[in-house]
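Read off the chains here:
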Amino acid sequence: MTYRPLSVPGAWEITPVQHGDPRGVFLEAFQGGPFAEAVGHRFDLQQANISVSAAGVLRGIHFADVPPGQAKYVTCPKGAVLDVVVDIRVGSPTFGAWDTVLLDDVDRRAIYLGEGLGHAFLSLEDDSTVMYLCSTGYSPGREHGIHPLDPEIGIDWPTQGRDGSPLTPQLSEKDLAAPTLAEARAAGLLPDHAAVQAYVAGLA
């Protein structure tokens, strides 16, 4: 299993080693020791979520108040999604920057997003299944969103699915009503970079 830091600090792409034979494939999707060595602290699993999405479904950009935030270790066991991490930490040198990882049932990669980062993904195929390992449980009072089509962020979302068919983004009513990055910042909703760094340092 290899870890590649993404261009947004606090996020990693994880690529597992797959062992295949005529029966199928086996892989280790998560390893606690190597994770802690690469990231600098253990992953405290508190909740596991699964979502199933039609082609074109766009979920996010979601984030949680820090502390405690909600770190996520995300995989796609079936189908394909373009997973996106956004730096929404006010005061971060890379504030507003984003990076992507293709999660699918071929390379079976994962993405880890640390506390204080925004998360979104676009489903590239019907019935794409995403599993999230989360460091904290669901708490609606401290969870927020930013509109994933905010031109200030400018995420380059795919316009074609896995089979080459055109994609039309499908958003929930909640995500459609989400503020822009600038509006969320003005409303004081965004995590503070220094506070996030201090909290993460305490996890080591």
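Note that this is a predicted model, so its numbers are computed, not measured. (Residues numbered from 1 in each chain as written. Predicted model: local features only at pLDDT ≥ 70, side-chain atom pairs only at ≥ 80, totals over all residues. Heavy atoms only, no water.)

Considerations on the overall build of the protein
Within the protein, the regular secondary structure consists of 4 helices and 13 strands. Taking 2.2 N^0.38 as the reference for a compact globule, 204 residues should give roughly 17 Å; the C-alpha atoms of the protein span a radius of gyration of 16 Å, in line with that estimate. With the C-alpha coordinates aligned to their principal axes, the bounding extent of the protein is approximately 55 × 40 × 30 Å. For the protein, the proportion of contacts with a sequence separation of at least 24, taken over those separated by at least 6, is 80%. Approximately 9,700 Å² of the protein is accessible, and the part contributed by carbon and sulfur atoms is 54%. Side chains of the protein carry 13 positive and 25 negative charges; the gap between the two charge centres is 4 Å. (Helix = DSSP H or I, 4+ residues; strand = E, 2+ residues; numbered from the N terminus. Rg over C-alpha atoms; globule rule 2.2 N^0.38 Å. Contact = heavy atoms within 4.5 Å. Areas by Shrake-Rupley, 256 points an atom, 1.4 Å probe, with all protein chains shown as cover. Lys, Arg positive; Asp, Glu negative; His and termini not counted. Charge placed at Lys NZ, Arg CZ, Asp CG, Glu CD.)

Details of the packing of aromatic side chains
A full pass over the atoms with the stated rule returns 11 aromatic pairs. Ring centres 5.0 Å apart and planes at 90 degrees place the aromatic pair Phe30 and Tyr73 in the edge-to-face group. In this pair, Phe30 sits in the loop between strand E4 (24–27) and helix H1 (32–39) while Tyr73 sits in strand E7 (residues 72–78), placing the two residues 43 residues apart along the sequence. On the basis of relative accessible area, Tyr73 is assigned to the buried category, the value being 1%. Centre to centre, the rings of Phe43 and Tyr73 are 6.4 Å apart; their planes meet at 55 degrees, and the pair counts as tilted. Of this pair, Phe43 sits in the loop between H1 and strand E5 (47–53) while Tyr73 sits in strand E7; the two residues are 30 residues apart in sequence, bridging distant segments of the chain. The two residues Phe43 and Tyr73 agree in class, both being buried. Each residue in the set Tyr3, Trp12, Phe30, Phe35, Phe43, Tyr73 and Tyr112 is aromatic and connected to the rest through ring pairs, giving one cluster. Between Arg185 and the ring centre of Phe95, over which it is positioned, the NZ or CZ distance is 5.0 Å. (Phe/Tyr/Trp six-rings, centres within 6.5 Å; stacked < 30°, edge-to-face > 60°. Buried < 20%, exposed > 50% of the residue type's maximum accessible area, 1.4 Å probe, protein only. Lys NZ or Arg CZ within 6 Å of the ring centre and 35° of its normal.)

Overview of the sheet that holds strand E11 (residues 117–123)
Judged by pairing direction, the sheet is antiparallel, and its 5 strands sit side by side in the order E9-E8-E11-E6-E13 without closing on themselves. Either end of the sheet is taken by a strand with one partner, and the two such strands are strand E9 (98–104) and strand E13 (143–145). Here the average twist between neighbouring strands, direction ignored, is 25 degrees. For strand E6 (residues 58–64) and E11, the ladder comprises 4 bridges, and the chain directions are antiparallel. The residue bridging Leu58 from the neighbouring strand is Leu122, located in E11. (Pairing = 2+ DSSP bridges. Axes fitted to C-alpha atoms, helices over the stretch in contact; angles between N-to-C directions.)

What about the side chain of Ser53?
Mapped onto the elements of the fold, Ser53 is located in strand E5. Within the structure, the side chain of Ser53 is placed 2.9 Å from the side chain of Arg59, a separation counted as a polar contact. Apart from the residues within four sequence positions on either side, Ser53 is in contact with Arg59, Phe121, Ser123, Glu125, Asp126, Asp127 and Ser128. (Polar contact = N/O pair within 3.5 Å; in protein donor to acceptor, adjacent residues only side chain to side chain.)

Observations concerning the state of the cysteines
Applying the stated criterion across every chain yields a total of 0 disulfides. There is no disulfide at Cys76, and the cysteine sulfur nearest it, in Cys134, is 15 Å away. Judged by relative accessible area, Cys76 falls into the buried class, the value being 3%. Cys134 gets classed as buried once you look at its relative accessible area, which sits at 0%. (Disulfide = S-S within 2.5 Å.)

Re empty space enclosed by the protein
Applying the stated criterion across every chain yields a total of 1 cavity of 30 Å³ or more. Taken together, His62, Phe63, Ala64, Gln70, Lys72, Leu113, Gly114, Gly116, Leu117, Gly118 and His119 make up the lining of the largest cavity. Mapped onto the lining of the largest cavity, the elements with two or more residues apiece are E6 and E11. Split by residue class, the lining of the largest cavity holds 4 nonpolar, 6 polar and 1 charged. (1 Å grid on protein atoms, 1.4 Å probe; cavity = no way out; pocket = protein on both sides within 12 Å on 5 of 7 lines; lining within 4 Å. Points joined across faces, edges and corners; volume = space filled by probe spheres on them. Nonpolar A, V, L, I, M, F, W, Y, C, P; charged D, E, K, R; others polar.)

Here we look at the UniProt feature "active site" (unreviewed entry) in the protein
Mapped onto this numbering, the UniProt entry annotates "active site" (unreviewed entry) at His62 and Tyr132. A maximum C-alpha distance of 12.8 Å among these annotated residues, which run over 71 residues, shows that they cluster at one spot. From this annotated list, the subset lining the largest cavity comprises His62. Within the element layout of this structure, His62 appears in strand E6. Once residues within four sequence positions are removed from consideration, His62 is found in contact with Lys72, Leu117, Gly118, His119, His144, Gly145 and Asp175. Polar side-chain contacts of His62 include one of 3.4 Å to the backbone nitrogen of Gly60. Tracing the backbone shows Tyr132 in strand E12 (residues 128–134). (UniProt positions renumbered as here; feature names shortened; annotations may be inferred.)

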